[in-house]
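# Structural overview
Listed below, chain by chain, are the residues.
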Amino acid sequence: MIAYILQILLFQCLFLGLYHLVFRRTTFFSLNRAYLLGSCILSFVLPLVQLDYFSHAAAAYPVLERLTGAMVYLEGVELSAGVTQPGRPGWMFILWVLGSACTFGLLLYKLFTLARLYRKGKKTRAYRHTRISLPASEAAFSFFGWVFLGDAHQDHEADTILRHERVHVRNLHSLDLLLVELLRVPMWFNPLLWAYQQRLREVHEFQADAIAVLADKKAYYESLLSQYFGRPGLSLINPFFKNSLITKRIVMLQKSASAQSLKWNYFLVVPVIGIMLMVSACQEEQPKNQDIDPVSSRTEAPSEKQVAFAEIDQVPVYPGCEDALDKRACFNQKIQEHIMKNFNYPDEAESQGIEGRVSVIFTIASTGKITEIRQEGPHPLLEDEVARIIGRIPDMATPGMHGGQAVNVPFSIPIVFKLN
């Protein structure tokens, strides 16, 4: 989960960086809106491509098991987390729940405030929207099909504002802001979502200005410069006036339309998404497991002969299997008993809901010791636990023998971690 969150933050940084460097100063407001909204959603989806697809593919076809045909493939072991006593939630989880609850409560408060203003005002039904007149107020903002307008405005000012707000209503700008608000509930600690919301609101205003100014440019400029209207501080709404945006809106209104050839710049998104997919796919890769052949490259006794289990004259004998008729079956049974006895589901992996299959290879050296432990799985926490378990296998009573000489014998076993 932490890796997923970090990828979201990284991808949003890249998307917003590209927007600020290339797209923000253009007059392609509809494309900019689509880019901001789409990239915000993609930042949550792209990490799941790795988490949901690539890791499953790796689990189905582990790299370690494809490296050589000389391996002895032992029966897999499934390990489950205990359920007798539910674990206590960690402080990070408690903090996240409290933050999400507060953020959701604030969202409900904003919606309640809008509903209260709706009930309080005088309602007039018009085409595609409902105008709510607020007594003794200079407010001017919209939320979906509701256009809130204080009755202190003169008629010509009210007409200018309504033209602007009708663009917000027609283009469903409030839907964008509400979506980001909902994303902020579980991701309340993410400041980049606030940046997305600000950039979207900015584009909304530019888009509404570009259409509303066509009716009467002079009157529109006068309305922008006349005064700063009072308004409730709700991030869900599209206010006609916002102090920090007035200068930007005036500058954008005076700006010439961007050249159509600049639209090709939006194709820069394609390689950026490609890079992100590569980051997602490679996040859990362990180069040490993929680039080294565990049979041909050995860090211990590289000159000693290595023989496959099927060809060996005398198999390694696990302690306690000296008198067993089927020493291979006894070896497999002892390995499973050892794994079950020494297994501890990592607390952090359990709290994060991490499960999956870890493929491990190891070698019983000519000395009878366990060497060359290498593992590959969906998360380092599970890989480390497997390495710890295999590393505690006792020395063999007798090493593998072939041609009268002690030899190395490679083994492979899949270990499945499963949460109940």
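We now turn to the structure provided with this report. Bear in mind the structure is a predicted one, so any value in this text is a computation, not a measurement. (Residues numbered from 1 in each chain as written. Predicted model: local features only at pLDDT ≥ 70, side-chain atom pairs only at ≥ 80, totals over all residues. Heavy atoms only, no water.)

## Re unusual backbone geometry
Not every positive phi belongs to a glycine, and A136 is a case in point at roughly 50°. For A136, a relative accessible area of 79% gives the class exposed. In this structure, L172 takes a positive phi of about 55° despite not being glycine. Residue placement: L172 occurs in the loop between α5 (155-170) and α6 (173-184). (Buried < 20%, exposed > 50% of the residue type's maximum accessible area, 1.4 Å probe, protein only. Helix = DSSP H or I, 4+ residues; strand = E, 2+ residues; numbered from the N terminus.)

## Things to note about the pattern of salt bridges
The full count for this structure, using the stated rule, is 11 salt bridges. E202 is the partner of R199 in a salt bridge, and the nearest nitrogen-oxygen pair spans 3.9 Å. Separated by 3 residues within a single helix, R199 and E202 lie in helix α7 (residues 191-212), roughly one turn from each other. Here R199 matches E202 in class, with each residue buried. A salt bridge links R249 to D209; the shortest N-O distance between them is 2.7 Å. Here R249, found in helix α9 (residues 243-254), pairs with D209, found in helix α7; they are 40 residues apart in sequence, far enough to count as distant. This pair shows no difference in class: R249 is buried, exactly as D209 is. One salt-bridge network, held together by shared partners, links R24, R199, E202 and K248. (Salt bridge = Lys/Arg side-chain N within 4 Å of Asp/Glu carboxyl O.)

## Things to note about the nonpolar core
Of all hydrophobic cores here, the largest spans 31 residues; its most connected members are F15, F23, Y35, L36 and F44. Elements with a contribution of two residues or more to this core: α1 (2-23), α2 (29-60), α6, α7 and α10 (269-282). With 8 residues, the single largest contributor to this core is α1. Apart from residues lying up to four places away in sequence, F23 is in contact with L18, N32, Y35, N265, Y266 and V269. (Core = buried A, V, L, I, M, F, W, Y, C linked by side-chain atoms within 4.5 Å. Contact = heavy atoms within 4.5 Å.)

## A short note on helix α14 (residues 380-391)
Along its 12 residues, α14 runs 16 Å from first to last C-alpha, staying within 8% of the 16 Å computed at 1.5 Å per residue. Taken together, the buried positions of α14 are occupied by L382, E383, E385, V386, I389 and I390. The arc that holds the buried residues of α14, viewed along the axis, is 160°, so those residues lie on one side. As for α14, its buried residues are in contact with α12 (327-342), α13 (347-351), β8 (356-364), β9 (370-376) and β12 (409-418). (Expected span 1.5 Å × (residues − 1). Arc of directions from axis to C-beta.)

## Focus on the packing of aromatic side chains
Using the criterion set out here, one finds 20 aromatic pairs in the structure. Three or more aromatic residues joined by ring pairs form one cluster here, namely F15, Y19, F23, F28, Y35 and Y266. Cation over ring: K123 sits above Y118, and NZ or CZ is 4.8 Å from the ring centre. (Phe/Tyr/Trp six-rings, centres within 6.5 Å; stacked < 30°, edge-to-face > 60°. Lys NZ or Arg CZ within 6 Å of the ring centre and 35° of its normal.)

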